[in-house]
There are 2 protein chains.
Amino acid sequence: MPRTLLERPDAVRALASVFRRRGFESSSLSVIQQEAGIGRGSLYHFFPDGKTDMARAVLDQVSDWFEDEVFVPLRSATDAAEAVSAMTKAVADYFVSRENVCLFAAMTLGEEKETFAAEVKAYFVDWVDALAALLQRGGLTPEDAHENALDAVAMIQGGLIITRAYGDESTFLGVMERVERRLLAQLS
Amino acid sequence: MPRTLLERPDAVRALASVFRRRGFESSSLSVIQQEAGIGRGSLYHFFPDGKTDMARAVLDQVSDWFEDEVFVPLRSATDAAEAVSAMTKAVADYFVSRENVCLFAAMTLGEEKETFAAEVKAYFVDWVDALAALLQRGGLTPEDAHENALDAVAMIQGGLIITRAYGDESTFLGVMERVERRLLAQLS
DNA sequence: GTCTATAAAGCGATAGAC
DNA sequence: GTCTATCGCTTTATAGAC
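Not measured: the values here are computed from a predicted model.

Turning to the overall build of chain A, a few remarks are in order. Secondary structure summary: chain A contains 9 helices and 0 strands in total. Start at the N end of chain A and walk to the C end: the helices and strands fall as α-α-α-α-α-α-α-α-α. Considering chain A as a whole, with its 188 residues, one finds that 49% of them fall into the buried category. A separation threshold of at least 6 residues defines the contact pool for chain A, and within that pool the share at least 24 residues apart is 68%. Carbon and sulfur atoms form 49% of the exposed surface of chain A, whose accessible area is close to 8500 Å².

With that settled, consider the packing of aromatic side chains. Per the stated rule, a full pass over the model turns up 32 aromatic pairs over all chains. Both rings, one in Y123 of chain B and one in W127 of chain B, keep their centres 5.8 Å apart while their planes meet at 70°; by these two values the pair is edge-to-face. Placement of both Y123 of chain B and W127 of chain B in helix α7 (residues 117–137) is noted, with a separation of 4 residues, approximately one turn of the helix. On the basis of relative accessible area, Y123 of chain B is assigned to the buried category, the value being 2%. Among the aromatic residues, those joined into a cluster by ring pairs are W65, F66, F71, Y94, F95, F104, Y123, F124, W127 and F172 of chain A. Positioned above the aromatic ring of F24 of chain A is the side chain of K51 of chain A, whose terminal nitrogen or guanidinium carbon lies 4.6 Å from the ring centre.

What follows concerns the side chain of D151 of chain A. Inspection of the secondary structure assignment puts D151 of chain A in helix α8 (residues 142–166). Overall, the relative accessible area of 2% leaves D151 of chain A in the buried class. If near-sequence neighbours (up to four positions away) are discounted, D151 of chain A is found in contact with M155, V175, R178 and R182 of chain B.

Before going further, it helps to spend a moment on the relation of the copies chain B and chain A. Mapping chain B onto chain A leaves a residual RMSD of 0.0 Å; the transformation is a rotation of 180° accompanied by 0.0 Å of translation along its axis. Read as a symmetry element, the transformation amounts to a two-fold axis. Most of the interface of chain B is mirrored in chain A, where 100% of its interface residues are also at the interface.

What follows covers the pattern of salt bridges. The tally for this structure, following the rule as stated, stands at 18 salt bridges over all chains. Of the charged contacts, one joins E35 of chain A and R22 of chain A as a salt bridge, the two residues approaching to 2.6 Å between their closest N and O atoms. Of this pair, E35 of chain A sits in helix α2 (residues 29–36) while R22 of chain A sits in helix α1 (residues 8–22), and the two are 13 residues apart along the sequence. The shortest N-O distance in the salt bridge between E67 of chain A and R75 of chain A comes to 2.8 Å. Residue class for E67 of chain A comes out partly exposed when judged on its relative accessible area of 25%. Take R75 of chain A: its relative accessible area is 38%, and that puts it in the partly exposed class. Each of E147 and D151 of chain A together with R178 and R182 of chain B takes part in salt bridges that share partners, so that together they form one network.

Moving on, we get to unusual backbone geometry. Positive phi, close to 55°, is recorded for N100 of chain A, a residue that is not glycine. Within the secondary structure, N100 of chain A is located in the loop between α5 (80–96) and α6 (103–106).

Quick notes on the rules
Residues numbered from 1 in each chain as written. Chains lettered and ligands numbered in written order. Predicted model: local features only at pLDDT ≥ 70, side-chain atom pairs only at ≥ 80, totals over all residues. Heavy atoms only, no water. Helix = DSSP H or I, 4+ residues; strand = E, 2+ residues; numbered from the N terminus. Buried < 20%, exposed > 50% of the residue type's maximum accessible area, 1.4 Å probe, protein only. Contact = heavy atoms within 4.5 Å. Areas by Shrake-Rupley, 256 points an atom, 1.4 Å probe, with all protein chains shown as cover. Phe/Tyr/Trp six-rings, centres within 6.5 Å; stacked < 30°, edge-to-face > 60°. Lys NZ or Arg CZ within 6 Å of the ring centre and 35° of its normal. Least-squares fit on C-alpha atoms with pLDDT ≥ 70 in both. Salt bridge = Lys/Arg side-chain N within 4 Å of Asp/Glu carboxyl O.

So this is what it looks like as structure tokens:
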């Protein structure tokens, strides 16, 4: 008899957690089976093309979250300062609750980097461009807006790396505070 | 007869190049053998404990380079502004000539992250602390110095990620320019 | 939709000749 | 110091019962 009946989105969430904790390449199917609590049969039922399919589904889910919770709010905001604060808060909460790992950043290294190069590029382009457009609406020149947006996203991503190296979550929160402060300073 | 007689440092350099291009976990011994041009027998002669030994040797070599070319100059500098410019130039040249990959950052994810956690932490602590001490000598408060140092290293590391995602080297050079400019602005 | 058993390939590591 | 052959194990993926 089946252990548990699963919805695909639940499976994707469980996979994402395993990939964040162990990395994509060292998450073997045996490990995934154990740590996600999903049998091999179910995995290949939901993801017929195997591990690559699982990675794609996970990246899609992360991408959807950022689209809804970060990029759309940035694009539709009228108050630039308010939108900057909302973004830094949403992003800080997101990564703190997800092992301080950005799966798109992880995909810029290793085996699967060519496979997902287009998706990874789109993620960062969408983020930087949405933030840059907001900063421009807040009064910055196109060049300043783009540079400040790119630097902010870079600082967030680098902050995740250093936070994992330090093993100290407050490091990331400090970085996020200063990202917010620096962006707000540009708007005033 | 032996194909080529190799010195260990040459082998380490070749390994580093393979690890940067393919990542540690997807560099199988067959791949290493082919791309580094070192036979299996030689690899286990130089690195008796296998892949972990190879990774340790590569990280040690990177660490030595940063110690000599970045950390020591930062610690011994008297002119803070000059030292900031020297650091950003050295670091920019280094990563541009090495596939825009920081192997220590790569080791914050995946299989071997526990194995090298201490070395990885030491690398980032040494870098941030050496830069913070310099900024403090340049007139910043201890708190401001440490925050600005950490943010600079984070921006560099995040800049590498976005540069790989964009597939465009000039992105990294732009980030490095602005890291330099921001640090110099603090010193004036 | 989930299970177990198994196939085929690749893995890291070792041994022993040269 | 380098080579090749090989061991034992794990890997991804598949097949077929339930």
